[in-house]
Amino acid sequence: MFLEQSNFAAMDLALCLERTAATPLYQQLAAALRMAVLQKRLKPSQQLPPSRVFAESLGISRVTVTQSYDQLVSEGYLETRRGAGTFVCAQLPETYLQTVAIAPETTASTALNQLSRFGTDLQTDLQTAQPLRGPDPQCQINFRYGNPATELFPLSLWRRLLNRHCQASPVLLDYGADGAGYLPLRAAIADYLGRSRAVQCQPEQVIIVNGSQQALDLIARLTLDAGDWVAVEDPGYLGARYCFTGQGANLQPIPVDAEGLDVAALRQCPQHPCKLLYVTPSHQFPTGVTLSLARRLALLDWAQETGTLIVEDDYDGEYRYGDQPIPALQGLDRNHRVIYVGTFSKILFPALRLGYLVVPPAWISLMSRAKWLCDRHSPLLAQYALTDFLTEGHFERHIRRMRHRYNQRRQVLVQVLKEQFGDRVTILGENAGIHLMVKLTTTLTDEVMIQRAAAVDVGVMSAQGYYLRKPQAGAFIFGYAQLDEAQIEQGIRALGRVLQG
């Protein structure tokens, strides 16, 4: 049972007292409190409830609590302070803390012997998956990718939108009416995607999820069994790969060149059918290249011929600089072979944890049910505020503002890279997104370059971990959204000084 919260130092403490046991209740309570002290569930100097409050919450007599307190005071675990109450002793002898036999941690092989294939892979990757960790966060200038310039987000406006709905109906505190999400938000997203990305859909086809990662997880769970094959870009996004291999799928890497995923190479793959193809056509991750229109059409033909479902991840397609946007694969598809995935993390802020799926009509009920079984629905208050953010025009104004700001930062990054490294640098994906990939010709290893960069307080990330087949040394991902122009120039000049070789 749990202690009642009162005016004293509030706490919840799980205790179990057996009223039918031969051991008196006061001794049981004393033993339980002693163990709580030894295991540090009760902290030094922490106040215990007054005996009357404690007795009421436990359903026992006040005398029983008083006897327990007195026993522990005599043993040196508790102390009384005149006019204040009963407290855990501020200092306990080390011998006291050693009297409880806390079993040492079992070995990893014993403690984790029931892991699935997915869990086993993750346990291994805890030691080896450096790309998941990113650059050293302590570096003063950090070229980490994937994070927008959150300091430029209109937070005061967002706060007003949240407050508007906080003062509305208490229905916000209940379960959502539809696991697929708040219908006005789905309608606003459908309208926006139709105008900006040429996506063809009705509001009912839009499923609200907790970011694109949950979207990929739901797709994987609904389509993949152990042993199935998934075609993925090489290099490609690790988060998607983990979703697919977590379902026991095998990965078929498809090379990426200057026009994006190589459809000819896809057609020449070994003759095992693929259930899914995962692709980032608007801004390939991590190279940044854009899948050409000819290849988009060829890819859709291939999907129709083979019966493969395409997962189109458009994680930051809003940001293009100079080039006209190519219609989304989903908008070119006439055979319902594409599931479109989008997110607000790169446009607004990652902590929002809202994204969306656009599914073929036949998938609406299935995906809605899967989302409901997964976590019922995404947070309603954020959905209500985001609906207003879209329908009142704030969203597209914010995109235009950020596109201009990111373009300025991108230009500085490209210019100073060329100044510092000359013909030793190749820049990929510079016309879209909020990161670009850089290939440096050097005799230094990636590890040495990262170490030298960190020594001058600059954080960079190698792209090697994103390749399945042939990792390329000297390839780095530079995110620039969270750095201003002066920081970008300072960081690249510092790299130029230390990355000689």
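Residues numbered from 1 in each chain as written. Predicted model: local features only at pLDDT ≥ 70, side-chain atom pairs only at ≥ 80, totals over all residues. Heavy atoms only, no water.

A few points about the overall build of the protein chain
Each helix and strand counted, the protein chain has 19 helices and 16 strands in total. Seen through its C-alpha atoms, the protein chain measures out along the principal axes to roughly 85 × 55 × 50 Å. A buried classification covers 51% of the 501 residues belonging to the protein chain. Relative to all contacts within the protein chain whose residues are 6 or more apart in sequence, the contacts with residues 24 or more apart total 71%. Put simply, the protein chain shows about 23600 Å² of open surface, and 51% of that area lies on carbon and sulfur atoms. Counting 47 positive and 47 negative side-chain charges, the protein chain places the averaged centre of each group 3 Å from the other. (Helix = DSSP H or I, 4+ residues; strand = E, 2+ residues; numbered from the N terminus. Buried < 20%, exposed > 50% of the residue type's maximum accessible area, 1.4 Å probe, protein only. Contact = heavy atoms within 4.5 Å. Areas by Shrake-Rupley, 256 points an atom, 1.4 Å probe, with all protein chains shown as cover. Lys, Arg positive; Asp, Glu negative; His and termini not counted. Charge placed at Lys NZ, Arg CZ, Asp CG, Glu CD.)

Some points on the nonpolar core
One finds F143, F344, L348, L386, F478 and I492 to be the most contacted residues of the largest nonpolar core, which totals 66 residues. Looking at this core element by element, the count peaks at nine residues for helix α17 (residues 394-421). Leaving out residues up to four positions away in the same chain, L386 has contacts with W158, L185, F344, L348, L352 and L354. Counting residues in hydrophobic clusters, the runner-up holds 28 residues, among them L276, L309, I339 and W363. (Core = buried A, V, L, I, M, F, W, Y, C linked by side-chain atoms within 4.5 Å.)

Thoughts on the environment of E312
On the secondary structure map, E312 appears in strand β9 (residues 309-313). A polar contact of 2.9 Å, which involves the side chain of E312, links it to the backbone nitrogen of Q330. (Polar contact = N/O pair within 3.5 Å; in protein donor to acceptor, adjacent residues only side chain to side chain.)

Some thoughts on the pairing of strand β16 (residues 475-479)
Looking along a regular strand, one sees side chains alternate from face to face of the sheet. In terms of burial, β16 is largely enclosed, as five of its five residues are buried. Of the pairings in the sheet, the one linking strand β13 (residues 435-440) to β16 comprises five bridges and is antiparallel in character. Counted as the bridge partner of M437 is I477 from β16. (Pairing = 2+ DSSP bridges.)

Topic: the sheet that holds strand β4 (residues 206-209)
Strand pairs in the sheet, formed through backbone hydrogen bonds, run parallel or antiparallel to each other. Strand order in this open sheet of eight strands is β4-β11-β10-β9-β8-β5-β6-β7, and the pairing throughout is mixed. The strands lining the two open edges of the sheet, one partner per strand, are β4 and β7 (260-261). As paired elements, strand β10 (residues 338-343) and strand β11 (residues 355-358) share four bridges and run antiparallel to each other. Paired with Y340 across the strands is V358, a residue of β11.

Comments concerning the pattern of salt bridges
Applying the stated criterion to the full structure yields 18 salt bridges. The shortest N-O distance in the salt bridge between D257 and R295 comes to 2.7 Å. Within this pair, whereas D257 is found in strand β6 (residues 250-257), its partner R295 is found in helix α13 (residues 293-306), the two being separated by 38 residues in sequence. On the basis of relative accessibility, which here comes to 32%, the residue D257 falls in the partly exposed class. What makes R295 buried here is its relative accessible area of 15%. Members of the salt-bridge network, linked through shared partners, are R164, D388 and E392. (Salt bridge = Lys/Arg side-chain N within 4 Å of Asp/Glu carboxyl O.)

Observations regarding the confidence of the model for the protein chain
Per-residue pLDDT for the protein chain has a mean of 89; in total, 91% of the residues score no lower than 70. Of the regions scoring below 50 in pLDDT, residues 1-10 engages in 28 contacts with residues more than four places distant in sequence or in other chains. (pLDDT = per-residue confidence, 0-100.)

Points about the packing of aromatic side chains
Going through the model one piece at a time under the given rule, you end up with 19 aromatic pairs. Between W158 and F389 the ring centres are 5.9 Å apart and the planes differ by 80 degrees, which places this aromatic pair in the edge-to-face class. Taken together, the residues span a long stretch of sequence, with W158 in helix α8 (residues 155-166) and F389 in helix α16 (residues 380-391) at a distance of 231 residues. The class of F389 is buried, set by a relative accessible area of 0%. (Phe/Tyr/Trp six-rings, centres within 6.5 Å; stacked < 30°, edge-to-face > 60°.)

What to know about the sheet that holds strand β12 (residues 425-428)
Read from one edge of the open sheet, four strands run β12-β13-β16-β15, paired in antiparallel fashion. In this open sheet, the two strands that pair with only one neighbour each are β12 and β15 (461-462). Together, β12, β13 and β16 form the strand contacts of α17, whose direction differs from that of β12 by roughly 165 degrees. (Axes fitted to C-alpha atoms, helices over the stretch in contact; angles between N-to-C directions.)

A few points about the pairing of β13
Extensive coverage of β13 is indicated by the burial of five of its six residues. Between β12 and β13, which follow one another and run antiparallel, lie six residues, and G429 among them has a positive phi close to 65 degrees.

What to know about the side chain of D446
Mapped onto the fold, D446 is located in helix α18 (residues 446-455). K439 provides the closest opposite charge to the buried, unpaired D446, separated from it by 11 Å. In this structure, D446 is in contact with S462, Q464, Q472, A473, G474, A475 and F476, ignoring residues within four places of it in sequence.

Points about the packing of helix α9 (residues 183-196) against α16
Remark: α9 packs on α16, axes separated minimally by 9 Å, with the N-to-C direction vectors making an angle of 35 degrees. Here the hand of the crossing between α9 and α16 comes out left-handed. On the side of α9, the interface is formed by P184, L185, A188 and I189, while α16 contributes Q383, L386, T387, L390 and T391. Split into classes, the residues belonging to the contact of α9 with α16 amount to six nonpolar, three polar and no charged. (Left-handed = near helix turned anticlockwise from the far one by under 90°. Nonpolar A, V, L, I, M, F, W, Y, C, P; charged D, E, K, R; others polar.)

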